[in-house]
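Close look at the chain arrangement
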Amino acid sequence: MNELVKSLPSPTLPGLHLPSVDTHKGWLFKWTNYLKGYQRRWFVLSNGLLSYYRTQAEMAHTCRGTIPLATAHIEVGDTCHLVLTSGGRSYHLKATSEGECQKWVSALQQAKANATLLMHHSDDSGDEVPVPQEDRTLTQGVLKTLASKLDDLSTCNELIGKHGAALQRSLSELEDLRGSTDSTDKVKAVNERATLFRITSNAMINACRDFVDVAESHSRRWQKALQHEREQRHHLEETIEQLAKQHNSLERAWRENPTSYTGVERSQEGDASDENDEAEFFDAMEDSPAFITVTATGNIASPIHLSLSFSLQDTSGANHMQLRRTRRSRIPDKPNYSLNLWSIMKNCIGKDLSKIPMPVNFNEPLSMLQRLTEDLEYSELLDRAARCDSSLEQMCLVAAFSVSSYSTTVHRTAKPFNPLLGETYELDRLDEYGYRSICEQVSHHPPAAAHHVTSQRGWTLWQHITIDSKFRGKYISVVPLGNIHLQFHSSGNHYVWSKVTSTVHNIIVGKLWIDQSGDIDIVNTTTKDTCRLKFSPYSYFSREVPRKVTGVVEDREGTAHYILSGTWDDKMESAKIVDSSQGCGGSEGKQKTVYQTLPPKLLWKKYPLPENAENMHFFSSLALTLNEPEEGVAPTDSRLRPDQRLMEAGLWDEANSQKQRLEERQRLERKRRAQLIAITDFSLFRNKEHSTYVLFLGQDIEGYQPLWFEKRTDETGDNIFIYKGGYWEAKERQDWSQCPQIF
């Protein structure tokens, strides 16, 4: 049995040469939340991991968090500030002095470099190259050793079973022979068998220990390899997803307008028919090589960008196709900063929210101008409506468009930034969707914005919206005042409608949720067709479908032609009425009309949210691109607003500081204008005609005159701000000399 124990192998595996990692310890201040701010924590840097504790004593039992530096991004800020980003989460740290900060930065960068080398040395780099012979031999040796240990364990197990059974028999015989003369011999036999059992058990324990030692020595290396493979797979999935989205976008654009493919630029020599163009295009695809380039870059401002380019040439060089720029599909994850909403809102009951200064914690990184522009998410509905011959079918699509603008709000309980007076926002999507949009904040108290959209696909939309928001204690109500105008170029049909009331519930306690309620009356002022959409308010006791929307499309005679139904967060359908009859059960003694319809047709279906939307403010695909930096925009554009940009990057402290600076600057500018108006009125009070002329210019009580919009009475009788032109021409010339410096 001793020979068995001695025969158990105990190999010594060739050790990996790991780079030395220095240990660094010390106090740093770590951002916790908006109320507590930066808190002092004890940080320990060791073996490529940065761990932190509340106190030094906690090192023995409780670790508050660990940051792997091998995959972390280290960014050095101002005033002893540094940011570590790992796994989609950012850690904001501050040192007590510049010297201490520099020591930590050097230690972190060295530890990151060592950790990266360790991953490469452990064959965890994930590069697609053949496995070196040395590593293959090492792996085979480890597997062979583990198999040998398993054989030893199996042998020991058999011996333990055999000697254990013999020992049990001896004990039984000893019990039967108690007091007899043979008891001495039996006791001796029991002792021998007990010794054998003990030796075998020790051998079993030693074999188990060897097996565990070998397995543990390589388990960490294998876990790293597995984790890296998972990260590589996730990266590949993201890349494939981007390619799939671009493919779907191109396919949708082709289906909408196959004769003028909006996703590409094509320059051709000579005149040819559509059929010939298509044939030449496919000939070029077959005769010429296609080069596809996919690049991916990641940083805190733009996690992943993919760009594709196709270079196609035939022998004559007549065809050329180039894909437009790829819009971003991700923004930095929203930091987990908590704040007691009630602590700020309890003193604001009954007040206008636009006059209450609030931290950016309650905002989303978009302005109200960008939220208005987001109504164009489903502009293809208006493209389809522009091609309709029937005004009633056109009304159905316009109604679906008016509902679709609420689909992105179902999870969006945060408020957009209040635009500064004179702030603008442009969205140029001529290449992708055929429209251009421009917004301007034309008034600050009350807050009002003017919006104008022109589409090359046969429609123009404009609106002048004033927001009236009130806090009622348990909920916040947001009432948009003003009408939306839509006109189709070919038919001249002019549609007018307004928005419903948005309500954010559970302000005091519970999870915030939003509801839309009220009626939308859409009127075709040209044909007098009408459609009334009813947004049913949510009720816990109602059996109706939540977020339900219903409507009826009627002609100028009041005859119903279509029934509309659906929900404002999912889809809308229309059903053509073939017969109607008077039923019973109507309210207030009125008879209820019963309609017989054809099977419903789908008008609109909501696009699924992007992956990881819950960590990106629940933004839609369009919303993710609204704040993407653009070249050549006006200096008043919302993309250039510093507090909004800092919030998107996750720097909420800095964003709050910038927000206070901008608001104070706006207040001072408003006082200056008010004083200027007072001086002008005092010096000209005798000239009534001149005073009347000054008011006619469109200046509000703040003395501000919008740059791109002017107040007019439109054909429907509304006194609204209408686009007067000049913005896109100024952008073409890059002449922004008239723009005020508001940021």
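Residues numbered from 1 in each chain as written. Predicted model: local features only at pLDDT ≥ 70, side-chain atom pairs only at ≥ 80, totals over all residues. Heavy atoms only, no water.

A separate point is empty space enclosed by the protein. Under the criterion given, the structure shown has four cavities of 30 Å³ or more. Here the largest cavity defines a volume of roughly 80 Å³. What lines the largest cavity is a set of 14 residues, among which Asp375, Phe401, Ile484, Trp497 and Lys499 lie closest to the centre. At the level of secondary structure, the elements contributing two or more residues to the lining of the largest cavity comprise helix 9 (391–404) and strand 15 (459–471). When its residues are assigned to classes, the lining of the largest cavity shows seven nonpolar, five polar and two charged. (1 Å grid on protein atoms, 1.4 Å probe; cavity = no way out; pocket = protein on both sides within 12 Å on 5 of 7 lines; lining within 4 Å. Points joined across faces, edges and corners; volume = space filled by probe spheres on them. Helix = DSSP H or I, 4+ residues; strand = E, 2+ residues; numbered from the N terminus. Nonpolar A, V, L, I, M, F, W, Y, C, P; charged D, E, K, R; others polar.)

It is worth spelling out unusual backbone geometry at this point. The phi dihedral of lysine 528 falls on the positive side, at around 70°, and the residue is not glycine. Secondary-structure assignment places lysine 528 in the loop between strand 20 (513–524) and strand 21 (530–535). Assessed through its relative accessible area of 41%, lysine 528 is described here as partly exposed. Positive phi outside glycine occurs at phenylalanine 618, with the angle close to 60°. (Buried < 20%, exposed > 50% of the residue type's maximum accessible area, 1.4 Å probe, protein only.)

On to the packing of aromatic side chains, then. If you walk through the whole model with that rule in mind, you get 16 aromatic pairs. An aromatic cluster is present here, built from Trp708, Tyr727, Trp728 and Trp736 joined pairwise through their rings. Sitting over the ring of tryptophan 27, arginine 40 keeps its end group 3.9 Å from the ring centre. Of note, arginine 436 hangs over the ring of tryptophan 728, and the distance from its end group to the ring centre comes to 4.5 Å. (Phe/Tyr/Trp six-rings, centres within 6.5 Å; stacked < 30°, edge-to-face > 60°. Lys NZ or Arg CZ within 6 Å of the ring centre and 35° of its normal.)

Ordered in space as 4-3-2-1-7-6-5, the seven strands form an open sheet in which the pairing is antiparallel. The open sheet is flanked by strand 4 (65–68) and strand 5 (73–76), the only strands paired with a single partner. Strand-to-strand twist of the sheet, defined as the mean angle between neighbouring strand axes without regard to direction, takes the value 35°. Where strand 3 (residues 49–53) and strand 4 come together, four bridges link them in antiparallel fashion. Residue pairing for strand 4: tyrosine 52 is matched across the bridge by glycine 65. (Pairing = 2+ DSSP bridges. Axes fitted to C-alpha atoms, helices over the stretch in contact; angles between N-to-C directions.)

A rise of 1.5 Å per residue sets the reference length of helix 9, with its 14 residues, at 20 Å; its end C-alpha atoms lie 20 Å apart and thus fit the reference within 8%. Here helix 9 lies mainly inside the structure; 12 of its 14 residues are buried. Within helix 9, burial applies to Leu392, Gln394, Met395, Cys396, Leu397, Val398, Ala399, Ala400, Phe401, Ser402, Val403 and Ser404. Between the side-chain oxygen of the N-cap and the backbone nitrogen of leucine 392 there are 3.3 Å, and the N-cap of helix 9 in question is serine 390. (Expected span 1.5 Å × (residues − 1). Polar contact = N/O pair within 3.5 Å; in protein donor to acceptor, adjacent residues only side chain to side chain.)

In terms of nonpolar packing, the biggest core is built from 61 residues, with Trp459, Leu486, Trp497, Ile522, Leu533, Phe535 and Leu564 touching the most fellow members. Considering every element that reaches this core, the biggest residue donor is helix 9, with nine residues. Tyr52, Leu82, Ala95 and Ala111 belong to the second-largest nonpolar core, a separate cluster that totals 21 residues. (Core = buried A, V, L, I, M, F, W, Y, C linked by side-chain atoms within 4.5 Å.)

When the charged atoms of two side chains with opposite charge come close together, those side chains can pair. In the structure shown here, the tally under the stated rule is 27 salt bridges. For lysine 548, the salt bridge goes to glutamate 544, with nearest N and O atoms at 2.8 Å. Here arginine 733 makes a salt bridge to aspartate 735, at a shortest N to O gap of 3.9 Å. Sharing partners across several salt bridges, the network here consists of Glu364, Arg371, Glu374 and Arg412. (Salt bridge = Lys/Arg side-chain N within 4 Å of Asp/Glu carboxyl O.)

Below, the discussion takes up the state of the cysteines. Summed over all chains, the structure comprises zero disulfides. In this structure cysteine 80 is not part of a disulfide, and its nearest cysteine sulfur, from cysteine 101, lies 5.5 Å away. A residue is classified by how much of its surface remains accessible, and cysteine 80, at 12% relative accessible area, is buried. Note on cysteine 388: no disulfide assigned, nearest cysteine sulfur contributed by cysteine 396 at a separation of 8.7 Å. (Disulfide = S-S within 2.5 Å.)

Attention shifts here to the pairing of strand 12 (residues 424–429). A large share of strand 12 lies buried, amounting to five of its six residues. As paired strands, strand 12 and strand 13 (residues 435–443) are joined by six bridges and run antiparallel to one another. Paired with arginine 429 across the bridge in strand 13 is tyrosine 435.

Turning next to a nonpolar patch on the surface. On the surface, a nonpolar cluster with roughly 470 Å² of combined accessible area is contributed by Tyr538, Tyr540 and Phe541. Along the polypeptide, tyrosine 540 turns up in the loop between strand 21 and strand 22 (548–554). (Patch = residues over 30% accessible without salt bridge, like charges linked within 9 Å, V, L, I, M, F, W, Y side chains within 5 Å. Areas by Shrake-Rupley, 256 points an atom, 1.4 Å probe, with all protein chains shown as cover.)

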